[in-house]
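The lines below spell out each chain.
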Amino acid sequence: MTSFSTLFAKELLRFWKVSVQTVVAPVLTSLLYLVIFGQVLEGRVQVFEGVRYTAFLVPGLVMMSVLQNAFANSSSSLIQSKITGNIVFILLAPISYAEFFWAYVAASVARGLAVGAGVLAFTAWFVELRLEAPLWTAAFAFLGAALLGALGLLAGIVSEKIDQLAAFQNFVILPLTMLSGVFYSIHALPGFWRALSHANPFFYMIDGFRYGFFGASDVAPMLSLVLVTLSFAAVACLCLALLKSGYKLRT
Amino acid sequence: MIAGLARADRGSVTVLGADVALDYRRARRMLGVVPQELVFDPFFTVRETLRIQSGYFGIRGNDAWIDEVMHHLDLSAKADANMRSLSGGMKRRVLIAQALVHKPPVIVLDEPTAGVDVELRQGLWQFVRRLNRDGHTIVLTTHYLEEAELHCSRIAMLKAGRIVALDSTRNLLAGFSGPRTTARVVARDGTQHMLQMESYAELERELARLRVQGVEIADIELERPDLEQVFLQLTGRDS
C-alpha cells in the first residue's frame, strides 16, 4: 500500500510543482473558448429549452478540460520517465503492475478534476449554472478522467518518442474531444455526422456530464454511463495486460 | 535480470533465496541497484528523491537513515537542491544513496566508475568497502578488469551472455596457463627482447644471458599475468 500511495503522491507532486503549466494554463485556454464562442454564438444557438448558449457551453468546456488534462498527465509523465530513464526507479522497486496502473490513473483523475474545478470556478462567474443532478456530473467527471488517464498510460507505454505521443494527442484525442458536442448539440448535425458522433466515446462523456447540469441530454445518461464504464474496463484490461507483460518497459 | 528489468528466456535467478520472478517483492527489497546511466527525476530535490524511493520500498519516516546516507556520501549540503542543479558526480552519489534507502543486503553497482573523476572514484571505493565490511554483498559489473582484480573476492567473466569463468581472483590468476612472468627489455640500440620466465627468480640468469650476447640494457618492464590476460585466454579459446 505504501508503494502505491508513494507513487500516487509522487505523481501528484510532479504536476503540482509545475501547476502554472498543468493547471492554470488549461483553465485559461477554456476561458478563452468561453469568451470567444460565447460572444460569437450567444443568442444565435439554442440547444435546450431555456438554456442560454454560454450556459450550455460551460459544462462541455469543463469536461473537455477534465478529459484532456487527465490524458496529458499520465501520458506525459510516463513518456518523460521513459525518455530520461528514471522509470528505472519504479521498475526496480517492489511495485506490482496493478499498483503502477492505479497510481498513474488516480493522479490523472486528480489533475483532470483539479483543472475541471478551476474551469468551473471561473466560468461560473460569467454564467448562472445550477446542478440538477450532481451525482451524474460527479460520476461522469470521475469515470471520464479515469478513462482518459488509462488511455494516456496506454499511449505512454506504446510511444517511444515524444512526437509519437504528440501525434496520438493531436490526431486522436484532440479531434475526438472537439467533435464530441462540446460546442454544439449533435442533434443540430446532418444525419451522417450525427451517426458518426454516436461512435465517438467522448460524446457520451460530455453528454452525460452535461445531463447533471441541465437534466437534459442527447441520449439517456444511463446508456452513456454504461458505455463509458465499459470503455474504461476495456482500456484498463489492456493496460494491465501490457504492464504485466512488461511491454516496452522491461526487456 | 536480477533486478527484474529484463526477463530470463529460461532458467531462474534468486536473490538470497527469493526468486526474482515468482517472489519479486522480496527479491527487490533485498536488492539495491545503482544504474550505470546518470538518471534522475528533474522535478524533485535530493531529499524528496530519497523519500520517494523509500516509499516505493514500503518505508515511511525514513529521514534518520536518509540523513545518515547523505552524510556518508557528502550530500547533506545539497539535500534541498533540485536534482537538475547537481553536477554529474553528485548525481552519481544520489543514485548510490537511492540504492541504499531500504538497507538492502545485496548491492549491485553497474559500472559505477564509468566517466567518474578520480576524487569521487576514491571516495566511492572507500564507501563501498565500508558497506562490504558492514555485511553487504556487493556485485560489481565493470569493463575495467583491474578494478575487479583490486576490489573483488570472486569474479565471474562473461562473454556473449555466457559465464566463461567463475572463481576467486587468486584461482583465476593461478589457472592462467601462459608464461607466469614476462620482462620486456629495451636495448640501447632500440631492439626489444621478451624474456619469459616461471618466476622473477630467473630474471638474473636471463639478463646475464643477454649481456653475454652484448646487449646493453636501456629499459626494463616487468609484467605479471593479470585478469585481462586471463580473460583473453579464456575467451580466445572459445572463438
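Please read all numbers here as calculations on a predicted model, not as lab measurements. (Residues numbered from 1 in each chain as written. Chains lettered and ligands numbered in written order. Predicted model: local features only at pLDDT ≥ 70, side-chain atom pairs only at ≥ 80, totals over all residues.)

Student: Got a minute to help me understand the overall build of chain B in this structure?
Tutor: A count of helices and strands for chain B gives 9 helices and 10 strands. Projected onto the principal axes, the alpha-carbon positions of chain B cover approximately 75 × 45 × 30 Å. Buried positions account for 23% of the 239 residues belonging to chain B. At a minimum sequence separation of 6, the contacts of chain B that also span at least 24 residues come to 62%. (Helix = DSSP H or I, 4+ residues; strand = E, 2+ residues; numbered from the N terminus. Buried ≥ 20, exposed ≤ 12 C-beta atoms within 10 Å, placed from the backbone. Contact = placed C-beta atoms within 7 Å.)

Student: For this particular structure, what's the right way to read the environment of B:Glu111?
Tutor: Residue and element names in this part refer to chain B. Considering the arrangement of structural elements, one finds Glu 111 in the loop between β4 (106-110) and α5 (118-133). Its 17 C-beta neighbours within 10 Å are what place Glu 111 among the partly exposed residues. In this structure the C-alpha to C-alpha distance between Glu 111 and Ser 199, which are 88 residues apart in sequence, comes to 34 Å. The contacts of Glu 111, once residues within four sequence positions are left out, are Gln 36, Thr 141, Thr 142 and His 143.

Student: Please clarify how the packing of helix α6 (residues 134-158) of chain A against helix α9 (residues 201-214) of chain A should be interpreted in this entry.
Tutor: For any two helices packed against each other, one specifies the crossing angle of their axes together with the interaxial distance. Residues and elements named next belong to chain A. At a closest axis distance of 6 Å, the pairing of α6 and α9 adopts a crossing angle of 155°. Taken as axis vectors, α6 and α9 run roughly antiparallel relative to one another. Taken as a pair, α6 and α9 cross one another with a handedness that is left-handed. Within the contact between the two elements, α6 uses Pro 134, Trp 136, Thr 137, Phe 140, Ala 141 and Gly 144 and α9 uses Met 205, Gly 208, Phe 209, Tyr 211, Gly 212 and Phe 213. In the contact of α6 with α9, the residues fall into 8 nonpolar, 4 polar and no charged. (Axes fitted to C-alpha atoms, helices over the stretch in contact; angles between N-to-C directions. Parallel < 35°, antiparallel > 145°, perpendicular 65-115°, else oblique. Left-handed = near helix turned anticlockwise from the far one by under 90°. Nonpolar A, V, L, I, M, F, W, Y, C, P; charged D, E, K, R; others polar.)

Student: Mind showing me how you'd approach the nonpolar core here?
Tutor: Nonpolar side chains in soluble globular proteins generally cluster together in the buried interior. The biggest cluster of nonpolar side chains holds 106 residues, and the ones touching the most others in it are A:Met63, A:Leu67, A:Leu147, A:Ala150, A:Leu153, A:Met205 and B:Ala97. The element that contributes the greatest number of residues to this core is helix α3 (residues 53-84) of chain A, accounting for 15 residues. In this structure, B:Ala148, B:Ile155, B:Leu172 and B:Val230 belong to the second largest nonpolar core, which totals 5 residues. (Core = buried A, V, L, I, M, F, W, Y, C linked by C-beta atoms within 7 Å.)

Student: Which parts of the structure should I look at to understand the packing of helix α2 (residues 19-41) of chain A against helix α5 (residues 97-123) of chain A?
Tutor: All names here are of chain A. Where α2 meets α5, the axes come as close as 9 Å, and the angle between the chain directions of the two elements is 40°. Here α2 is positioned oblique relative to α5, judged by the angle of their axes. Crossing geometry of α2 relative to α5 is assigned as right-handed. Contact with α2, carried on its side by Thr 22, Val 23, Pro 26, Val 27, Ser 30, Leu 31 and Leu 34, involves Arg 111, Ala 114, Val 115, Gly 118, Val 119, Phe 122 and Thr 123 of α5 and no other residues of that element. For the contact of α2 with α5, a count of residues per class yields 9 nonpolar, 4 polar and 1 charged.

Student: What should I look at first to understand the sheet that holds strand β10 (residues 217-223) of chain B in this one?
Tutor: The pairing of strands in a sheet happens through backbone hydrogen bonds and is either parallel or antiparallel. Residue and element names in this part refer to chain B. Here we have 3 strands laid out as an open sheet, ordered β9-β8-β10, and antiparallel in their pairing. The open sheet has two edge strands, β9 (192-197) and β10, and neither has a second partner. Between one strand axis and the next, the sheet turns through 20° on average, direction left out of account. Sheet topology places strand β8 (residues 181-187) next to β9; 6 bridges connect them, and they run antiparallel. When the bridges of β9 are listed, Val 186 appears paired with Gln 192. (Pairing = 2+ DSSP bridges.)

Student: How should the sheet that holds strand β3 (residues 31-34) of chain B be read in this particular structure?
Tutor: Residues and elements named next belong to chain B. Pairing is parallel in the open sheet, where 3 strands are placed in the order β3-β4-β5. Two strands lie at the open edges of the sheet, namely β3 and β5 (137-141), each paired on one side alone. Each strand of the sheet is rotated relative to its neighbour by a mean of 15°, with strand direction disregarded. Inspection of the sheet shows β3 paired to β4 by 4 bridges, in the parallel sense. By the bridge assignment for β4, Leu 31 is matched with Val 106. Against the sheet, helix α4 (residues 88-100) contacts β3 and β4, and its axis sits at roughly 170° relative to β3.

Student: Sorry, what's going on with the domain arrangement of chain B here?
Tutor: By convention, interface size is frequently given as the accessible area that disappears when the constituent parts associate. Per the domain assignment, the segments of chain B are domain 1 (14-141) and domain 2 (181-223). Computed over C-alpha atoms only, the centres of domain 1 of chain B and domain 2 of chain B are separated by 49 Å. (Domains from an automatic or database assignment.)

Student: Whenever I open this one, the interface of chain A and chain B confuses me. Can you help?
Tutor: Counting residues at the interface gives 21 residues for chain A, matched by 24 residues for chain B. Looking at the side of chain A that touches chain B, the element that brings in the most residues is helix α1 (residues 2-17) of chain A, giving 7 residues. A breakdown of the residues in the side of chain A that touches chain B according to their chemical character gives 9 nonpolar, 8 polar and 4 charged.

Student: Can you walk me through unusual backbone geometry in this structure?
Tutor: Note on backbone geometry: most residues besides glycine have negative phi, and most peptide bonds are trans. Positive phi, close to 60°, is recorded for A:Lys248, a residue that is not glycine. Mapped onto the elements, A:Lys248 comes out in the segment after α10 (221-245). A count of 13 C-beta atoms within 10 Å places A:Lys248 in the partly exposed class. Not every positive phi belongs to a glycine, and B:Lys103 is a case in point at roughly 45°. With 15 C-beta atoms packed within 10 Å, B:Lys103 lands in the partly exposed category.

Student: Mind showing me how you'd approach the confidence of the model for chain A here?
Tutor: Parts of the model with low pLDDT should not have their predicted coordinates read in detail. For chain A, the average pLDDT comes to 93, and 100% of its residues sit at 70 or higher. By mean pLDDT, the top-scoring element of chain A is α6(A) (97), and the lowest-scoring one is helix α8 (residues 191-198) of chain A (88). (pLDDT = per-residue confidence, 0-100.)

Student: Sorry if this is basic, but what is going on with the pairing of β8(B) here?
Tutor: Two faces belong to every sheet, and in a regular strand the side chains alternate between them. Residue and element names in this part refer to chain B. A loop of 4 residues connects β8 with β9, the two strands running antiparallel in sequence, and Gly 190 in this loop sits at a positive phi of about 95°. Relative to β10, β8 runs antiparallel, the two sharing 6 bridges. Note on β10: the bridge partner recorded for Thr 182 is Glu 223.

Student: What should I look at first to understand α2(A) in this one?
Tutor: Each α-helix turn comprises 3.6 residues. Residues three or four places apart therefore point the same way. All names here are of chain A. In a regular helix each residue adds 1.5 Å, so 23 residues correspond to 33 Å; α2 covers 32 Å between its end C-alpha atoms and thus fits that length. Its axis deflected by about 30° at Ala 25, α2 carries its strongest bend there, up to four residues before the proline Pro 26. For α2, the set of buried residues is Val 23, Pro 26, Val 27, Ser 30, Leu 34 and Gly 38. Just beyond α2, the residue with positive phi is Gly 43, at close to 90°. (Expected span 1.5 Å × (residues − 1). Bend = angle between axes of the 7 residues up to and from the residue.)

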